[in-house]
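# Structural characterization, general
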Amino acid sequence: MGLEELPLISVLVLHGPNLNLLGKREPEIYGSVTLDAINRLLAEEAQKLQAKTSPLQSNHEGVLVDAIQAAHGEHQGILINAGAYTHTSVAIRDAITAVNIPTVEVHLSNIYQRETFRHHSYIAAVAIGQISGFGANSYRLGLQALVDYLRQ
Ligand code: DQA
């Protein structure tokens, strides 16, 4: 099947707490790319992959849970950087399990090179996979992996 015949895949992109500060926040760890720039990069990459992205950032756990629940029937995949909630949120993990939508977890930094409390992710076990440590490129690689998985 030619690329032009592929059905459009809709991906919900979730950014957790403090990621709205990207560009200003600890640039030595998270880089200088802003969240808007990451969302644009993802929209461009999605177009190449015959997909579309719907980004949402929230500092509130419940808003992220609501968005995951609402994704049921709306989006075929979820790309998530849950920020600090990665390491604390059973609620986000349960929401991903409940909707049963293939999910890829991404992190800008390599969480395994950092403090021990960042080494555990509640999301990893319910995600298809995780990409960590490639800066803004983690999102692009995550989107590619997710769309590729959904096309199988
Ligand atoms: C992060 C890593 C988390 O430990 C941290 O709390 C973040 C960002 C990352 O993208 O590297 O907020 O998810």
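What you see is a predicted model, and the numbers here were worked out from it, not measured in a lab.

## Topic: the site of the ligand
All residues in the neighbourhood of the ligand are listed as Arg25, Tyr30, Asn81, Gly83, Ala84, His87, His107, Leu108, Ser109, Ile111, Arg114 and Arg118. One of the backbone nitrogen or oxygen atoms of Ala84 is found 3.2 Å away from an oxygen atom of the ligand. In this structure, Arg118 approaches the ligand through a side-chain N or O atom, which is 2.9 Å from an oxygen atom. Isolated, the ligand exposes 320 Å² of accessible area, and the fraction of that covered by the protein chains is 99%. Here the residues of the shell around the ligand sort into four nonpolar, five polar and three charged.

## Focus on the packing of helix H3 (residues 61–70) against helix H4 (residues 90–99)
One can describe the packing of H3 onto H4 by two numbers: an axis separation of 9 Å at closest approach and a directional angle of 5 degrees. With respect to their mutual orientation, H3 and H4 come out roughly parallel. Where H3 approaches H4, its residues Glu61, Leu64, Val65, Ile68 and Gln69 are matched on the opposing element by Ala91, Ile92, Ala95, Ile96 and Val99.

## Section: unusual backbone geometry
For Asn18, which is not a glycine, the phi torsion comes out positive at approximately 75 degrees. Relative to the assigned elements, Asn18 resides in the loop between strand S1 (9–15) and helix H1 (27–30). By relative accessible area, Asn18 is classed as partly exposed at 36%.

## Side note on the packing of helix H2 (residues 35–48) against helix H5 (residues 137–151)
Where H2 contacts H5, the axes come no closer than 10 Å and their chain directions differ by 30 degrees. Between H2 and H5, the crossing angle belongs to the class labelled roughly parallel. Once H2 is placed against H5, the crossing between them reads as right-handed. Counting all contacts with H2, which are made through Ile38, Leu41, Leu42, Glu45 and Ala46, the residues of H5 involved are Tyr139, Arg140, Leu143 and Gln144. Partitioned by chemical class, the residues of the contact of H2 with H5 number six nonpolar, one polar and two charged.

## Things to note about the nonpolar core
General note: in soluble globular proteins, nonpolar side chains tend to be found buried as a group. Judged by nonpolar contacts, the single largest core of 22 residues is most densely connected at Val11, Leu42, Leu79 and Tyr139. Every element with two or more residues in this core is listed here: S1, H2, strand S4 (103–107) and H5. Tallying contributions element by element places H2 first for this core, with five residues. Aside from chain neighbours lying at most four places away, what touches Tyr139 is His15, Leu19, Ile38, Leu42, Leu79, Asn81, Val106 and Leu108. Leu12, Ala82, Ala95 and Ile123 belong to the second largest nonpolar core, which has 18 residues in total.

## Brief notes about H3
Buried within H3 are the following residues: Leu64, Val65, Ala67 and Ile68. Mapping the buried residues of H3 onto a view down its axis gives an arc of 160 degrees, with all of them on the same face.

## Describing the sheet that holds S1
Ordered by their spatial adjacency, five strands build an open sheet running S2-S1-S3-S4-S5, and the pairing between neighbours is parallel. Sheet topology places strand S2 (51–57) and strand S5 (129–132) at the edges, where each strand pairs with a single neighbour. The sheet shows a mean angle of 20 degrees between the axes of neighbouring strands, taken without regard to direction. By the bridge criterion, four bridges tie S4 to S5 in an arrangement that is parallel. Paired with His107 across the bridge in S5 is Ser132. Seen against the sheet, H2 touches S1, S2 and strand S3 (77–81) and runs at an angle of roughly 160 degrees to S2. Contacting S1, S2 and S3, H3 runs over the sheet at an angle of about 170 degrees to S1.

Each value, and the rule that gives it
Residues numbered from 1 in each chain as written. Predicted model: local features only at pLDDT ≥ 70, side-chain atom pairs only at ≥ 80, totals over all residues. Heavy atoms only, no water. Near = heavy atom within 4 Å. Polar contact = N/O pair within 3.5 Å; in protein donor to acceptor, adjacent residues only side chain to side chain. Areas by Shrake-Rupley, 256 points an atom, 1.4 Å probe, with all protein chains shown as cover. Nonpolar A, V, L, I, M, F, W, Y, C, P; charged D, E, K, R; others polar. Axes fitted to C-alpha atoms, helices over the stretch in contact; angles between N-to-C directions. Helix = DSSP H or I, 4+ residues; strand = E, 2+ residues; numbered from the N terminus. Parallel < 35°, antiparallel > 145°, perpendicular 65-115°, else oblique. Contact = heavy atoms within 4.5 Å. Buried < 20%, exposed > 50% of the residue type's maximum accessible area, 1.4 Å probe, protein only. Left-handed = near helix turned anticlockwise from the far one by under 90°. Core = buried A, V, L, I, M, F, W, Y, C linked by side-chain atoms within 4.5 Å. Arc of directions from axis to C-beta. Pairing = 2+ DSSP bridges.

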